[in-house]
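A closer look at the structure
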Amino acid sequence: VQLQASGGGLVQAGGSLRLSCAASGRTFSSYGMGWFRQAPGKERDFVAVIAWSGGSTYYAGSAKGRFTIFRDNAKNTVYLQMSSLKPEDTAVYYCAAVKFGTIGSVTARQYDYWGQGTQVTVSS
């Protein structure tokens, strides 16, 4: 599986962005998909996950209520809709895939495939 993340950019605090992650291959629907982020000098942190089946989702506390993860299996794409953005959301955002991943897939080491990352910068 190859992943291509896009949609990052510069936005003012309080604004919104939608990240996209397009996957190659014909088995996208069998993968749990996650979003992680990494700020300069910090570890890669979990943001959100959507399960391979049923559409269940789970969010990090920092994302809950502001971010929404959803997928379109017909387009082999997972999205991260981000609203009420804060300067502390500034980071490189990565999408990742794990076969038959569930909402318990919340650590980076659980994932097998990674996109290249897209920069999100939130100005105050």
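Keep in mind it's a predicted model, so treat the numbers as computed, not measured.

So, on to the overall build of the protein. Across its full length, the protein carries zero helices and 11 strands. When the helices and strands of the protein are listed from N to C terminus, the series reads β-β-β-β-β-β-β-β-β-β-β. On C-alpha atoms alone, the protein measures out to a radius of gyration of 13 Å, which is about the 14 Å that the 2.2 N^0.38 rule sets for 124 residues. Taken along its principal axes, the extent of the C-alpha atoms in the protein is 40 × 25 × 25 Å. Averaged over its 12 positive side-chain charges, the protein has a centre that lies 6 Å from the centre of its 6 negative ones.

With that settled, the discussion passes to the side chain of Arg71. Tracing the backbone shows Arg71 in strand β7 (residues 67–72). For Arg71, the side chain forms a polar contact with the main-chain oxygen of Phe28, separated by 2.9 Å. Not counting chain neighbours up to four residues away, the residues in contact with Arg71 comprise Phe28, Ser29, Tyr31, Gly32, Met33, Ile50, Ala51, Trp52, Thr77 and Val78.

This next bit is on the state of the cysteines. This structure, assessed with the given rule, holds one disulfide. One disulfide in the model links Cys21 with Cys95; its S-S distance is 2.1 Å. Judged by the torsion about the S-S bond (65°), the Cys21/Cys95 disulfide is right-handed. Remark: Cys95 occurs in strand β9 (residues 91–99) and Cys21 occurs in strand β3 (residues 17–23); sequence separation between them is 74 residues. For the pair shown, Cys21 and Cys95 are each scored as buried.

Turning our eyes to something else, we now look at the environment of Tyr94. Turning to its location among the elements, Tyr94 is positioned in strand β9. It is 9.4 Å that separates the C-alpha atoms of Tyr94 and Ser6, two residues lying 88 residues apart in sequence. Excluding residues within four positions of it along the chain, Tyr94 makes contact with Gly34, Trp35, Phe36, Gln38, Arg44, Trp114, Gly115, Gln116 and Gly117.

About the cut-offs
Residues numbered from 1 in each chain as written. Predicted model: local features only at pLDDT ≥ 70, side-chain atom pairs only at ≥ 80, totals over all residues. Heavy atoms only, no water. Helix = DSSP H or I, 4+ residues; strand = E, 2+ residues; numbered from the N terminus. Rg over C-alpha atoms; globule rule 2.2 N^0.38 Å. Lys, Arg positive; Asp, Glu negative; His and termini not counted. Charge placed at Lys NZ, Arg CZ, Asp CG, Glu CD. Polar contact = N/O pair within 3.5 Å; in protein donor to acceptor, adjacent residues only side chain to side chain. Contact = heavy atoms within 4.5 Å. Disulfide = S-S within 2.5 Å. Buried < 20%, exposed > 50% of the residue type's maximum accessible area, 1.4 Å probe, protein only.

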